[in-house]
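Okay, here's what each chain looks like letter by letter:
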Amino acid sequence: MVNNSAIRTNIIGGSEVGAISVDMDQRSIHETNSLFWNTNGNDVLGGTALPFYGAYVSEDSCQLFGDVSGKKMLEIGCGSGQSLQYVGERQASELWGIDLSESQLEKTRQHLEACGLSATLICSPMEEECGLPTNYFDCVYSVYAIGWTTDLEGTFRRIASYLVEGGVFIFSWSHPIHKCVTADNDSLVFKKSYFDESWYSVTLGESTLSLSDRKLSTYANALARAGFVIEQMIEESDEALMMQSSDREFADKARMLPVSFVIKARKL
Ligand SMILES: C[S@@+](CC[C@H](N)C(=O)[O-])C[C@H]1O[C@@H](n2cnc3c(N)ncnc32)[C@H](O)[C@@H]1O
């Protein structure tokens, strides 16, 4: 098990593991990834949860959410439930979460119960119709989960439909440049093309997962086509968080290039 969040994010960055590019359809990707998250996904990758958007980016300094009191909140890929706890403790009026994995949702349920909070939880791929109300939420957010979708634009369109007009969508994911560049002695070298968005398999110990690294323009264009305007984008790592990191190599890399990105968008 890898316990340090910086190291986990480095692993999902794919720098230290062999990746095999293969043709995959949506069903096999969901089967692979739900098996991964239903078994030891969290033990292998851990979870990234608010206030953190990634290893070295925190809501404490970004302040993207503002005051969430009285707001209806939906988390996509709610995982451990810790981000729902974060917004629940800030007096959000309703907490909702969806996740592909039933065992992840069970963790959310138990975690929120232990915190004296409750949420409406739905087990579904984010790409599919799952009974979520439309024109309902003030804010939809996702911390290190959006990139798992097999249909980015379709997912963004669904998220837009859940939001009220003027509603906010905030999400974070691994930065695609980080996924392309690896440390080699004292140098950073490109190990794959930034433009390659094909799905690939990663084996971590006994587990396999399927991923694709999309360009930043793919996210920006899909948001625009789904009816969002981007209000803010964050790529920089927080110096104080890097200073505290026990993973010097990863912190050094994060000083040279973005390892995570966060986008705040608004439904037009
Ligand atoms: C890295 S975790 C998210 C971490 C989460 N923020 C937390 O606090 O634990 C990614 C989550 O996305 C979920 N996931 C993966 N593919 C998904 C999909 N296609 N639709 C919905 N959820 C998915 C996984 O089951 C997992 O719980």
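Thresholds, definitions, all that
Residues numbered from 1 in each chain as written. Predicted model: local features only at pLDDT ≥ 70, side-chain atom pairs only at ≥ 80, totals over all residues. Heavy atoms only, no water. Helix = DSSP H or I, 4+ residues; strand = E, 2+ residues; numbered from the N terminus. Buried < 20%, exposed > 50% of the residue type's maximum accessible area, 1.4 Å probe, protein only. Lys, Arg positive; Asp, Glu negative; His and termini not counted. Salt bridge = Lys/Arg side-chain N within 4 Å of Asp/Glu carboxyl O. Contact = heavy atoms within 4.5 Å. 1 Å grid on protein atoms, 1.4 Å probe; cavity = no way out; pocket = protein on both sides within 12 Å on 5 of 7 lines; lining within 4 Å. Points joined across faces, edges and corners; volume = space filled by probe spheres on them. Near = heavy atom within 4 Å. Polar contact = N/O pair within 3.5 Å; in protein donor to acceptor, adjacent residues only side chain to side chain. Areas by Shrake-Rupley, 256 points an atom, 1.4 Å probe, with all protein chains shown as cover. Nonpolar A, V, L, I, M, F, W, Y, C, P; charged D, E, K, R; others polar.

Peer 1: Any chance you could break down the side chain of Lys267 for me, citing the residues and the numbers?
Peer 2: Counting through the fold element by element, Lys267 comes out in strand β14 (residues 260–267). It turns out Lys267 is buried and unbridged, and the closest side chain with the opposite charge, Glu165, is 7.0 Å from it. Ignoring sequence-local partners within four residues, the contact set of Lys267 consists of Asn135, Ala160, Ser161, Leu163, Val164, Glu165, Gly166, Gly167, Gly227 and Phe228.

Peer 1: Talk me through empty space enclosed by the protein; I want residue IDs and the actual numbers.
Peer 2: Scanning the entire structure with this criterion turns up three cavities of 30 Å³ or more. Of the pockets and cavities examined, the largest cavity occupies roughly 500 Å³. If you go around the largest cavity, you meet 35 residues; those closest to its centre are Trp37, Gly77, Tyr144, Ala145 and Trp148. Among the elements of the structure, α1 (5–12), α2 (26–38), α3 (41–45), β4 (72–76), α5 (82–88) and β5 (94–99) are those that each provide at least two residues to the lining of the largest cavity. For the lining of the largest cavity, the element with the highest residue contribution is α2, accounting for four residues.

Peer 1: Explain the site of the ligand to me, and be specific about the residues and the numbers.
Peer 2: Near the ligand there are 22 residues, and of these Thr48, Ser80, Asp99, Gln104 and Met126 occur at the shortest range. Between the ligand and Val143 there is a distance of 3.0 Å, counted from a nitrogen atom to a backbone nitrogen or oxygen. For the ligand, the protein covers 99% of the area, taking 600 Å² as the surface of the free molecule. Here the shell around the ligand is composed, by residue class, of ten nonpolar, nine polar and three charged.

Peer 1: Tell me about the environment of Thr39, residues and numbers included.
Peer 2: Within the fold, Thr39 resides in the loop between α2 and α3. Sequence-wise, Thr39 and Ser246 are 207 residues apart; in three dimensions their C-alpha atoms are separated by 27 Å. Within the structure, Thr39 has its side chain in polar contact with the backbone oxygen of Leu35 (distance 2.6 Å). Polar contacts involving the side chain of Thr39 include one to the main-chain carbonyl oxygen of Phe36, which spans 3.3 Å.

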